[in-house]
Amino acid sequence: MYKTTNTGNCVYWVDKNAFIPFDNNNTDYQAYLKWLADGNEPLPADEPSEG
Amino acid sequence: MAIKFNRSQTFATNGTVTAAGLHNLIDGTDIYQALITDQTNLTSVGSADELLIADADLTANDAPRAVTVNELFEDALTISTYTNANINNISYGTSTGTRLVSTNASITTGTIPNLTSSTASITIGTIPTLTAGTTTSTAANITRGTVQTLTASTATITGGTFSGAINSTAGTIGNFTTTLAGDFTISGGTGTLGTSGVTSGTYGGSSSVPTIVVDAKGRVTTASTSAITTGYTGFRNRIVNGDMRVDQRNSGASQTFTAGAALAYSVDRFYGYCTGANVTGQRVAGTSPNEFAYRFTGASSVTGIGFGTRLEATNTIDLAGSTATLSVQLSNSLLTTVTWTAYYASTADAFGTLASPTRTQIATGTFTVNSTLTTYSTQISIPSAATTGLEIVFTVGAQTSGTWTIDNVQLEAGSSATDFERRPYGTELALCQRYYESGISLYHGDVSNTGTYGNWNRFIVTKRASPTISFSDTQRTNTSVGAFDTSSPSSGTWRATDVNGFMATKNAAATSGDRGWSCQFAASAEL
């Protein structure tokens, strides 16, 4: 499962607690694009937290 | 036979014969002259013809003795030594059926056109036909026949059959045919070396070096060439972490591979997957001189295990259109077959997922393995289209128990498997960090009550692509700072990344004060 981010230059990979940059050479991003092409949609971004 | 008497001596009829008269008669008789002058020459002598011969023992009163030609011939060639003899057509026994020349004649010089003696000894001479016997001549010339034993030191033999030992030390044997044990044959006077199995030709040149195998006799039994690689002289192994030393993800801990799941990276640069049931894999101590190896432990219901690595196009593009050699050390305590398969990516560095691969198979094959770690190798013809990166995968079937060990994976240019290339650990780690790197991200300081704060975390090694950044809180050591936003990770705490590093930020709290974070990150740019 993926979740969008507020920065707009990456997607959050929920299962791995990881941020995937929008880089076509990144294989995780390639898998994300395939996931989108299969008709899936990411979750919305979290609300900003403070600390 | 007429005998001439001295007719000048006369006696009167009824006269007296005196002694003087008889003497005159005898003295005047020309017997010898008559015997000689009146003889008729014989044109041929038969074996039964007789001669009169005087024995040395005869006395004046004895008559001459008769001897046949054969008897004379036999008695003349007895056991003896003949020098400068010229004997033509000795065929004893044919005339009478019982005559023998000699069974132990010794002829030092001469010509014997046909010698059939079984024990004759010839030291110098020409023997056109020798059908039996021993020749010890130092310069014998035997043109045909059968020689049982030849001990001449300089004999010249142009034809014949030799049934015995040939001990000549410097002779010449023409048209000699014999069957020899071993690798050498002689036929028709021509000696031929047995072939060693190597194709005649020139091996090695300006772009390749020969690899030859020599047997105990000094013969080249195999010959091949290996291309002289340029640009990778010191880094001939295209596989990174082939000896499994670098394990940034697990540090030697066991890893569970989920059956049917996507491929999961384990030791650096290598991934694993399985079907049927989960299996565990782990970097383990290696067999000397290897420090480490990688080992899967089988489990019930497992139907297959895969272990592979993907090689970046920029590091393998030169192999396209050439032969490469894959070598690996393998052992398996249960199964005897390990399959290897080579692929190239459909597009540069894009091999797809395990479920949806985007790659083209180059070649596949099997290694028959056992429980002892052994090196196996195979040649792979890399097609010219394989400029997009290579992938090597090893697979086994139903590893329902036991263990499968892999080590020293090497892919190199050329058709020969060389020793595994051992690189310094720091070098190998840096090569791995192009694809995966872990570290600590830390920010600690006084933060105002508005806006965001953050830092730039530079990678130790520039990444292949902008990496995926994952965080964990396990490395937090300063309890005065918080974790890296595990509660809302997608809220903006991660700003940007590129191949050199990433930017991490947090939104400031409503009140200023001591703020920050500490967490472990991992940057993955794996293929």
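The rules behind each value
Residues numbered from 1 in each chain as written. Chains lettered and ligands numbered in written order. Predicted model: local features only at pLDDT ≥ 70, side-chain atom pairs only at ≥ 80, totals over all residues. Heavy atoms only, no water. Helix = DSSP H or I, 4+ residues; strand = E, 2+ residues; numbered from the N terminus. Buried < 20%, exposed > 50% of the residue type's maximum accessible area, 1.4 Å probe, protein only. Contact = heavy atoms within 4.5 Å. Areas by Shrake-Rupley, 256 points an atom, 1.4 Å probe, with all protein chains shown as cover. 1 Å grid on protein atoms, 1.4 Å probe; cavity = no way out; pocket = protein on both sides within 12 Å on 5 of 7 lines; lining within 4 Å. Points joined across faces, edges and corners; volume = space filled by probe spheres on them. Nonpolar A, V, L, I, M, F, W, Y, C, P; charged D, E, K, R; others polar. Pairing = 2+ DSSP bridges. Axes fitted to C-alpha atoms, helices over the stretch in contact; angles between N-to-C directions. Polar contact = N/O pair within 3.5 Å; in protein donor to acceptor, adjacent residues only side chain to side chain. Core = buried A, V, L, I, M, F, W, Y, C linked by side-chain atoms within 4.5 Å. Patch = residues over 30% accessible without salt bridge, like charges linked within 9 Å, V, L, I, M, F, W, Y side chains within 5 Å. Salt bridge = Lys/Arg side-chain N within 4 Å of Asp/Glu carboxyl O. Phe/Tyr/Trp six-rings, centres within 6.5 Å; stacked < 30°, edge-to-face > 60°.

(A) Region of the structure containing the overall build of chain A. Of the regular secondary structure elements, chain A holds one helix and three strands. Listing each helix as α and each strand as β along chain A from the N terminus yields β-β-β-α. By residue count, 41% of the 51 residues in chain A fall in the buried class. For chain A, the share of sequence-separated contacts (at least 6 apart) that also reach a separation of at least 24 residues comes to 31%. With the model as given, the accessible surface of chain A reaches about 2700 Å², and the carbon-plus-sulfur share is 47%.

(B) The arrangement of the layout of surface pockets in detail. A volume near 1500 Å³ is recorded for the largest pocket. In terms of lining, the largest pocket is formed by 50 residues, of which the most central are A:Trp13, A:Lys16, A:Asp28, B:Leu263 and B:Tyr265. Every element with two or more residues in the lining of the largest pocket is listed here: strand S3 (18-21) and helix H1 (27-37) of chain A together with strand S20 (255-257), strand S21 (264-265), strand S22 (271-275), strand S32 (436-447), strand S34 (468-472) and strand S37 (513-524) of chain B. It is H1(A) that contributes the most residues to the lining of the largest pocket, six residues altogether. Taken together, the residues that form the lining of the largest pocket break down as 23 nonpolar, 18 polar and nine charged.

(C) Examining the sheet that holds strand S25 (residues 304-311) of chain B more closely. Residue and element names in this part refer to chain B. Read from one edge of the open sheet, six strands run S21-S22-S25-S30-S27-S28, paired in antiparallel fashion. The strands lining the two open edges of the sheet, one partner per strand, are S21 and strand S28 (359-368). Where strand S27 (residues 337-345) meets strand S30 (residues 390-396), six bridges bridge the pair, whose relative direction is antiparallel. For Tyr 343, the partnering residue across the bridge sits in S30 and is Glu 391.

(D) Structural detail: the sheet that holds strand S23 (residues 279-285) of chain B. Residue and element names in this part refer to chain B. Strand order across the open sheet formed by six strands is S20-S23-S24-S31-S26-S29, with antiparallel pairing between neighbours. Of all the strands in the sheet, just S20 and strand S29 (374-381) have a single pairing partner and so form its edges. The sheet shows a mean angle of 30° between the axes of neighbouring strands, taken without regard to direction. Taken together, the eight bridges between strand S26 (residues 323-332) and strand S31 (residues 403-413) define a ladder with antiparallel strand orientation. Paired with Gln 329 across the strands is Asp 407, a residue of S31.

(E) Examining the side chain of B:Gln399 more closely. All names here are of chain B. Note that Gln 399 resides in the loop between S30 and S31. A polar contact of 2.8 Å, which involves the side chain of Gln 399, links it to the side chain of Asn 332. Those residues in contact with Gln 399, other than ones at most four positions away along the chain, are Gly 298, Ala 299, Val 302, Ile 305, Asn 332, Leu 334, Leu 335 and Trp 404.

(F) How the structure looks around the nonpolar core. Residue and element names in this part refer to chain B. In terms of nonpolar packing, the biggest core is built from 40 residues, with Phe 394 and Trp 404 touching the most fellow members. Counting residues per element, the ones that place at least two in this core are strand S24 (292-297), S25, S26, S27, S28, S29, S30 and S31. Here the element with the most residues in this core is S31; it accounts for five residues. By size, the runner-up hydrophobic cluster in this structure holds eleven residues, among which are Phe 459, Phe 471, Ala 504 and Phe 521.

(G) Representation of a nonpolar patch on the surface. A cluster of nonpolar side chains, A:Met1, A:Val14 and A:Leu43, forms an exposed patch at the surface whose accessible area comes to about 220 Å². You can see A:Val14 is positioned in the loop between strand S2 (10-13) and S3.

(H) Spotlight on the packing of aromatic side chains. Tallied over the entire structure, the rule returns 19 aromatic pairs over all chains. Arranged with centres 5.2 Å apart and planes meeting at 55°, the rings of A:Tyr12 and A:Phe19 form a pair that is tilted. Under the relative-accessibility criterion, A:Tyr12 is labelled buried at 5%. Residue class for A:Phe19 comes out buried when judged on its relative accessible area of 1%. Aromatic pair B:Phe459 and B:Phe502: ring centres 6.1 Å apart, planes at 35°, arrangement tilted. Here the residue B:Phe459 occupies a position in the loop between strand S33 (452-458) and S34, and B:Phe502 occupies one in strand S36 (residues 501-507), the gap between them amounting to 43 residues. You'll find B:Phe459 and B:Phe502 in the same group, each marked buried. An aromatic cluster of at least three residues, connected via ring pairs, comprises A:Tyr2, A:Trp13, A:Phe22, A:Tyr29, A:Tyr32 and A:Trp35.

(I) Main features of the pattern of salt bridges. All names here are of chain B. A complete count under the given rule lists 15 salt bridges over all chains for this structure. Across the pair Asp 183 and Arg 219 runs a salt bridge, and its minimum N-O distance is 3.4 Å. Here Asp 183 is found in the loop between strand S15 (172-173) and strand S16 (184-187), whereas its partner Arg 219 is found in the loop between strand S18 (208-214) and strand S19 (220-227), with 36 residues between them in sequence. Assessed through its relative accessible area of 27%, Arg 219 is described here as partly exposed. Of the charged contacts, one joins Glu 428 and Arg 423 as a salt bridge, the two residues approaching to 2.9 Å between their closest N and O atoms. Residue classification places Arg 423 among the buried positions, given a relative accessible area of 6%. One salt-bridge network, in which partners are shared between bridges, spans Asp 183, Asp 215, Lys 217 and Arg 219.

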